[in-house]
Amino acid sequence: MRVRIRDGDADAFGELFDAYARSVYNHAYRLTGDWSAAEDAVSLTFLEAWRLRGRVDEDGGSLRPWLLGVATNVTRNARRATRRHAAAVARLPRDETVADFADEVAERIDDKEQLALVRKALNALRRPEREVLALCVWSGLGYAAAADALGIPVGTVRSRLSRARTKLAKHMEPPSGRGQMRGDRTTVVRPIREGNR
């Protein structure tokens, strides 16, 4: 399949999409926390993969780690563009706005306290730690595959993952006096296997 991908075979690329689109979507969602942004990331990832298809080695195993590395870069670039856009919008003159009730409804539906705790814990991580956590824990890649996807040494993957787990455990402590007994919480970084192909 790798040779066909390199040669620009549209059918082979369709097979690649069918095999890994869901995995790329899950990875992008874990990095962004936003379903819409994850869908955009899938599209951009496969467009970028098509553009970079000539860089695929003819020999090797699954292309999943390579695609997840592309997705990580696409997500990083999209986040950077979003920050620039937000900064530009912030410089515009402000009009009086009416509050949107949709946000209030969404907050009532979601378990606000748990989501806030998880978001706070994830935001406490540095971007490189979040990326390694998403690849190794949530996407189920091994250290070597994650290192390959991010273009960093395996030892760096191990140390970033260790720091991420330590920080998450610290930040996921529930507020005191909320009725939860010690030892009554689930592991924060339990791996979710999507199946390596």
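So, a few notes on the structure that sits alongside this text.

What follows concerns the overall build of the protein chain. When its secondary structure is counted, the protein chain shows nine helices and zero strands. The helix and strand sequence of the protein chain, counted from the amino end, reads α-α-α-α-α-α-α-α-α. A buried classification covers 31% of the 197 residues belonging to the protein chain. When contacts within the protein chain are restricted to residue pairs at least 6 apart in sequence, those whose partners lie at least 24 apart make up 69%. With the model as given, the accessible surface of the protein chain reaches about 12,800 Å², and the carbon-plus-sulfur share is 51%.

Taking 1.5 Å of rise per residue, 18 residues should cover 26 Å, and helix α9 (residues 154-171) covers 26 Å from first to last C-alpha, within 8% of that figure. Burial in α9 covers these residues: Val157, Arg160, Leu161, Ala164 and Leu168. The buried residues of α9 occupy an angular sector of 100° when the element is viewed end-on, so they sit on one face. Those residues of α9 that are exposed and aimed more than 90 degrees away from the buried face are Thr166 and Lys170.

This next bit is on the side chain of Arg30. For Arg30, the location among the structural elements is in helix α2 (residues 10-32). What makes Arg30 buried here is its relative accessible area of 18%. Of note is the side chain of Arg30, whose polar atom sits 2.9 Å from the backbone oxygen of Trp138.

Tallied over the full model, the rule gives nine salt bridges. Glu48 is the partner of Arg51 in a salt bridge, and the nearest nitrogen-oxygen pair spans 2.5 Å. Residue Arg51 and its partner Glu48 are both found in helix α3 (residues 35-51); the two are separated by three residues, about one turn of the helix. Under the relative-accessibility criterion, Arg51 is labelled exposed at 56%.

Helix geometry: α2 is bent most strongly at Tyr20, by close to 50°. All buried positions along α2 are accounted for by Ala12, Phe13, Leu16, Tyr20, Ala21, Ser23, Val24, Tyr25, His27, Ala28, Arg30 and Leu31. Those residues of α2 that are buried lie in contact with α1 (2-6), α3, α4 (64-90) and α7 (127-138). Backbone nitrogen of Asp11 and a side-chain oxygen of the N-cap are separated by 2.8 Å at the start of α2; the cap is Asp9. Positive phi appears at Gly33, one or two residues downstream of α2, with a value of about 70°.

Turning our attention to the packing of aromatic side chains. What the rule picks out here adds up to four aromatic pairs. For the ring pair Phe13 and Phe46, a centre distance of 6.2 Å and an interplane angle of 85° mean the geometry is edge-to-face. In this pair, Phe13 is assigned in helix α2 and Phe46 in helix α3, connecting sequence segments 33 residues apart. Judged by its relative accessible area of 11%, Phe13 falls in the buried class. Both rings, one in Phe13 and one in Trp50, keep their centres 5.0 Å apart while their planes meet at 80°; by these two values the pair is edge-to-face.

This paragraph deals with the packing of α4 against helix α8 (residues 143-150). Axis separation between α4 and α8 bottoms out at 8 Å; the angle between their running directions is 45°. Relative to α8, α4 is oriented oblique. In the packing of α4 onto α8, the handedness of the crossing is right-handed. Counting all contacts with α4, which are made through Pro65, Gly69, Thr72 and Arg76, the residues of α8 involved are Ala145, Ala149 and Leu150.

Take the side chain of Ser23 next. Of note, Ser23 is situated in helix α2. A polar contact is formed between the side chain of Ser23 and the side chain of Arg64, at a distance of 2.8 Å.

For soluble globular proteins, the rule of thumb is that nonpolar side chains tend to be buried together. Formed by 44 residues in total, the largest nonpolar core has its most connected members in Leu16, Phe46 and Leu133. If you list the elements that add at least two residues to this core, you get α2, α3, α4, α6 (112-123), α7, α8 and α9. For this core, the element with the highest residue contribution is α2, accounting for nine residues.

Analysis parameters
- In every chain, residue numbers begin from 1 and rise along the written sequence.
- Selection of residues for local features in this predicted model requires a pLDDT of at least 70, selection of side-chain atom pairs for listing and counting requires 80 or more, and totals for whole chains, interfaces and linings are taken over all residues.
- Heavy atoms from the whole structure form the basis of all side-chain values; hydrogens and water molecules are not counted.
- The way it works is that DSSP assigns letters per residue, a run of H or I at least four long becomes a helix, a run of E at least two long becomes a strand, and they are numbered from the N terminus.
- Residue exposure (1.4 Å probe, protein chains only): buried if accessible area is under 20% of the type maximum, exposed if over 50%, otherwise partly exposed.
- Should any heavy atoms of two residues lie within 4.5 Å, those residues are considered in contact.
- The Shrake-Rupley method, run with a 1.4 Å probe sphere, supplies the accessible areas, and residue values consider only the shown protein chains as cover.
- Expected helix span is given by 1.5 Å per residue-to-residue step, counting one fewer step than there are residues.
- In this context, the arc is that of the directions from the helix axis out to the C-beta atoms.
- By the criterion applied in these results, polar contacts are pairs of N or O atoms within 3.5 Å in which, for protein atoms, one can donate a hydrogen and the other can accept it, and in which residues neighboring in sequence qualify only through two side-chain atoms.
- One speaks of a salt bridge when a side-chain nitrogen belonging to Lys or Arg is within 4 Å of a carboxyl oxygen belonging to Asp or Glu.
- Given a residue, its bend is the angle between the two axes fitted to the seven residues that end at it and to the seven that start from it.
- For Phe, Tyr and Trp, where Trp contributes only its six-membered ring, two rings pair if their centres lie within 6.5 Å, and the inter-plane angle classes them as stacked under 30 degrees, edge-to-face over 60, or tilted in between.
- What counts as an axis is a line fitted to C-alpha atoms, over the stretch in contact for a helix, and the angles between N-to-C directions run from 0 to 180 degrees.
- Each angle receives one of four descriptions, namely roughly parallel if under 35 degrees, roughly antiparallel if over 145, roughly perpendicular if within 65 to 115, and oblique otherwise.
- By convention, the crossing between two helices is left-handed when the near helix turns anticlockwise from the far helix through less than a right angle, and right-handed when the turn is clockwise.
- Among buried residues, those of type Ala, Val, Leu, Ile, Met, Phe, Trp, Tyr and Cys that are joined through side-chain atoms within 4.5 Å constitute a nonpolar core.

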